[in-house]
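# Remarks on the overall topology
Here's the letter readout for the chains.
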Amino acid sequence: MKQFDVAVVGMGALGSAAAYHLARRGVSVVAFEQFELGHVRGASHDTSRIIRTSYGAPQYVRLAQSSYRDWAELEATTGEQLTVITGGLVFIPIGGPFSARDFVDSLNEVGIPHELLSPAQVHERWPQFSLPDGVETIYTPDSGITHAARSVAALQMHARMNGAVIRDRTPVLSLDPDSDGVVVRSDKGDIHAGKVILATDAWTNALLEPLGASIPLITMQEQVTYFKPQDAGAYDRERFPVWIWEDTHCFYGFPTYGEPTIKAARDRSDNLMTPEERTFVPSPELLQQLEEFMNATIPGSGEPLRTVTCQYAITPDRNFVLGPLPEHPDILVGLGAGHAFKFTPTIGRILAELAVDGETSDDISTFSVQAAVHPTGGVDSRPVIVEQSLS
Ligand SMILES: Cc1cc2nc3c(=O)[nH]c(=O)nc-3n(C[C@H](O)[C@H](O)[C@H](O)COP(=O)(O)OP(=O)(O)OC[C@H]3O[C@@H](n4cnc5c(N)ncnc54)[C@H](O)[C@@H]3O)c2cc1C
């Protein structure tokens, strides 16, 4: 049986980043992807993803700070510009489930430049927004955008260039831990690896349950919509930042990015579906809700042009899961809980360090598998609204 130091299962953003870092360290690595590389059935396709340090928890602010360094390293290595800085706004209605104070305290604790703005101050600088009274806004100049599909492709290409063996269209069927690693069984034969990194997002429990383990995960179909503003120039990234509305229902959006449209979406659609149940058909109810929000908050956003579906697999408290399975320590899990793209090169580096060195210098203390199985409260305390698929 072919022997590798590390096997990576799943070549979305997180698995591709882990394979990239492992190969760059000269480790023998094989990576499996059940579909074609760059497919659109998971969580890592399409164009833009927000990068930011503006979180309401210092641990995430510090991890995001590491990510900016790791993105810079990745761009220097690949020679590709994968990120652009646009500035970013986080809108937090007073009295809602989120508090601007948490964001200000976290950013202060880590020393991230930011401003706390009133609706009038926001409107003066960004007249494209119309905010009601009672909304506090956090502005961070370091927020921006990374290109999802291009970043994943760059990681995969450079992983291969550094010796990684990538087997796409090769689903891993099961994992059999033994005394010195794990037998990885795929539909194209078995290999043995000293360590396995599971970066399989919504599909993770399908491989964990036969091992007597599982992680609480809520999977849902997300959707993002591209709007066609009358005056697209007003939404150019020199004049319009990335933005997030943090409330019972959260929304987020982007300036124009490679086309004269602006993308926006509701975060956490609660349109519950397993990967097998995915319809890939956008929900008209979610689109209507988003249009109403956009008309009220960004009156010039224009008509919806197209809607793309995607997938979330979130832990109940929206914390990441990064670490070994207690029952099988040679199997490492990497789960991004629907907000990990900005951390991609860092989570990949951390998973590689855990596989090779057994430790990492980044603080991942609250991201253990045990903490996921027994959640004590994370970055998103909103209750998950359990509703059948909206449509
Ligand atoms: C609409 C949307 C908007 C988002 N916006 C942002 C944002 O602005 N900022 C941000 O930071 N994050 C954002 N995210 C979250 C971010 O994109 C995800 O956290 C990240 O892409 C997760 O990557 P992943 O590699 O874990 O998952 P995936 O990309 O889903 O990869 C998992 C891979 O594992 C493969 N796999 C599963 N089982 C097997 C098996 N048995 N054998 C072989 N392969 C297998 C799957 O086919 C898949 O390719 C967004 C996500 C969505 C859906």
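Structure first, text after, so check above.
Residues numbered from 1 in each chain as written. Predicted model: local features only at pLDDT ≥ 70, side-chain atom pairs only at ≥ 80, totals over all residues. Heavy atoms only, no water.

Before going further, it helps to spend a moment on the site of the ligand. Around the ligand sit 33 residues in total, of which Glu33, His39, Ser44, Ile50 and Cys310 are the nearest. Between glutamine 34 and the ligand, the recorded distance is 2.9 Å, taken from a side-chain N or O atom to an oxygen atom. A distance of 3.4 Å separates an oxygen atom of the ligand from a polar atom in the backbone of histidine 339. Protein contact buries 96% of the 1000 Å² of open area that the ligand shows by itself. Within the residue set of the shell around the ligand, elements represented by two or more residues are α1 (13–24), β3 (48–51) and β17 (303–314). With three residues, the single largest contributor to the shell around the ligand is β17. (Near = heavy atom within 4 Å. Polar contact = N/O pair within 3.5 Å; in protein donor to acceptor, adjacent residues only side chain to side chain. Areas by Shrake-Rupley, 256 points an atom, 1.4 Å probe, with all protein chains shown as cover. Helix = DSSP H or I, 4+ residues; strand = E, 2+ residues; numbered from the N terminus.)

Where α1 meets helix α2 (residues 58–78), the closest approach of the two axes is 13 Å, and the angle between their N-to-C directions is 65 degrees. Where α1 crosses over α2, the handedness of that crossing is left-handed. For the pair α1 and α2, contact is made by Tyr20, His21 and Arg24 and by Glu73, Leu74 and Thr77, respectively. For the contact of α1 with α2, the per-class residue count stands at two nonpolar, two polar and two charged. (Axes fitted to C-alpha atoms, helices over the stretch in contact; angles between N-to-C directions. Left-handed = near helix turned anticlockwise from the far one by under 90°. Contact = heavy atoms within 4.5 Å. Nonpolar A, V, L, I, M, F, W, Y, C, P; charged D, E, K, R; others polar.)

All right, on to the sheet that holds strand β14 (residues 242–245) then. Strand order in the open sheet formed by eight strands is β6-β7-β5-β14-β15-β16-β13-β17, and the pairing between neighbours is mixed. In the strand order of this sheet, the two ends are held by β6 (115–117) and β17, each with one partner. In this sheet, neighbouring strand axes are inclined to one another by 20 degrees on average, regardless of whether the strands run parallel or antiparallel. The sheet contact formed by strand β13 (residues 218–228) and β17 spans 11 bridges and is antiparallel. The partner of threonine 225 across the bridge, within β17, is threonine 307. (Pairing = 2+ DSSP bridges.)

Remember, this is a structural readout, not a statement about activity or role.
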